[in-house]
Amino acid sequence: MTTIQPTGIRSRGAFGLLMRLLIIAASWNLGLRGGDLRAEPAVTEYDLKAAFLYKFVQFVKWPGGGSGIIGILGDDPFGGKLEKALQGRLSIKRSRKPEDLKTCQIVFVAKSERGNASGIIASLGDAKVLTVGESEGFAKQGGVIGILMDGDQPRLEINTAAARRAGLIISAQLLKLASRVFSS
């Protein structure tokens, strides 16, 4: 498997800008507006991940446009944060079986499913699904995008070969933000 490491300040600058925009978007979507910002807790890991899932729809193209459904596989770590971030723009479906989520546009694979990435990918078969996981090595094991946390900073790993197999096109803008891109 080939790993491409982005280099240069441009990648970090673009990522920093996206992170600031995501935090603002997450804050806005979660109802933290204006003077309320001081009264509310800081944006959490799952606020950021919910904002990423919503924004991925804008940076990925699906054959046929996609279903407008985000699936959560395994234990739901969002605790209502995803519903707040989506504000009814996309539907959410939860399951413990990958085959139940084949009609979803995005399938978020929770940490509770770690260690089974290859089985999950196989269960989804030829579904045109953007698989997003939060476990170390998810993208390297065949998932399309891994959202990993380094302290309080998220980093993205993207597997372009997995995206191609799913019939997905990932924008160059999103690829530039990845800390690692796997191409085979």
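What comes next is a walk through the structure. (Residues numbered from 1 in each chain as written. Predicted model: local features only at pLDDT ≥ 70, side-chain atom pairs only at ≥ 80, totals over all residues. Heavy atoms only, no water.)

**What to know about unusual backbone geometry**
Line of reasoning, step 1. Positive phi, normally seen in glycine, also occurs at Gln-87, with a value near 45 degrees.
Line of reasoning, step 2. By the secondary structure assignment, Gln-87 is in the loop between α3 (81-86) and β4 (91-95).
Line of reasoning, step 3. Judged by its relative accessible area of 40%, Gln-87 is partly exposed. (Helix = DSSP H or I, 4+ residues; strand = E, 2+ residues; numbered from the N terminus. Buried < 20%, exposed > 50% of the residue type's maximum accessible area, 1.4 Å probe, protein only.)

**Description of the packing of aromatic side chains**
Line of reasoning, step 1. One pass over the full model with this rule turns up three aromatic pairs.
Line of reasoning, step 2. Plain terms: the ring middles of Tyr-46 and Phe-78 are 5.5 Å apart, the flat faces sit at 85 degrees to each other, and that makes the pair edge-to-face. Residue Tyr-46 is found in helix α2 (residues 45-59), and its partner Phe-78 is found in the loop between β3 (69-73) and α3; the two are separated by 32 residues along the sequence.
Line of reasoning, step 3. Assessed through its relative accessible area of 1%, Phe-78 is described here as buried.
Line of reasoning, step 4. An aromatic cluster of three or more residues is present, and its members are Tyr-46, Phe-78 and Phe-108. (Phe/Tyr/Trp six-rings, centres within 6.5 Å; stacked < 30°, edge-to-face > 60°.)

**Section: α2**
Line of reasoning, step 1. In this model, α2 (15 residues) spans 21 Å end to end at C-alpha, consistent with the 21 Å of a helix rising 1.5 Å per residue.
Line of reasoning, step 2. With eleven of its 15 residues buried, α2 lies for the most part within the structure.
Line of reasoning, step 3. Listed in full, the buried residues belonging to α2 are Tyr-46, Asp-47, Leu-48, Lys-49, Ala-50, Ala-51, Phe-52, Leu-53, Tyr-54, Phe-56 and Phe-59. (Expected span 1.5 Å × (residues − 1).)

**Digging into the environment of Glu-134**
Line of reasoning, step 1. One can find Glu-134 in the loop between β6 (130-133) and β7 (145-150).
Line of reasoning, step 2. For Glu-134, a relative accessible area of 5% corresponds to the buried category.
Line of reasoning, step 3. Sequence-wise, Glu-134 and Phe-108 are 26 residues apart; in three dimensions their C-alpha atoms are separated by 8.1 Å.
Line of reasoning, step 4. Discounting chain neighbours no more than four positions away, the residues touching Glu-134 are Glu-45, Tyr-46, Lys-49, Pro-77, Phe-108, Val-109, Ala-110, Lys-111, Ile-147 and Leu-148.
Line of reasoning, step 5. Within the structure, Glu-134 has its side chain in polar contact with the side chain of Lys-49 (distance 2.7 Å).
Line of reasoning, step 6. Among the polar contacts listed, one links the side chain of Glu-134 to the backbone nitrogen of Lys-111, at a separation of 2.9 Å. (Contact = heavy atoms within 4.5 Å. Polar contact = N/O pair within 3.5 Å; in protein donor to acceptor, adjacent residues only side chain to side chain.)

**Describing the side chain of Asn-159**
Line of reasoning, step 1. Tracing the chain through its elements places Asn-159 in strand β8 (residues 153-159).
Line of reasoning, step 2. On the accessibility criterion, Asn-159 (1% relative accessible area) is buried.

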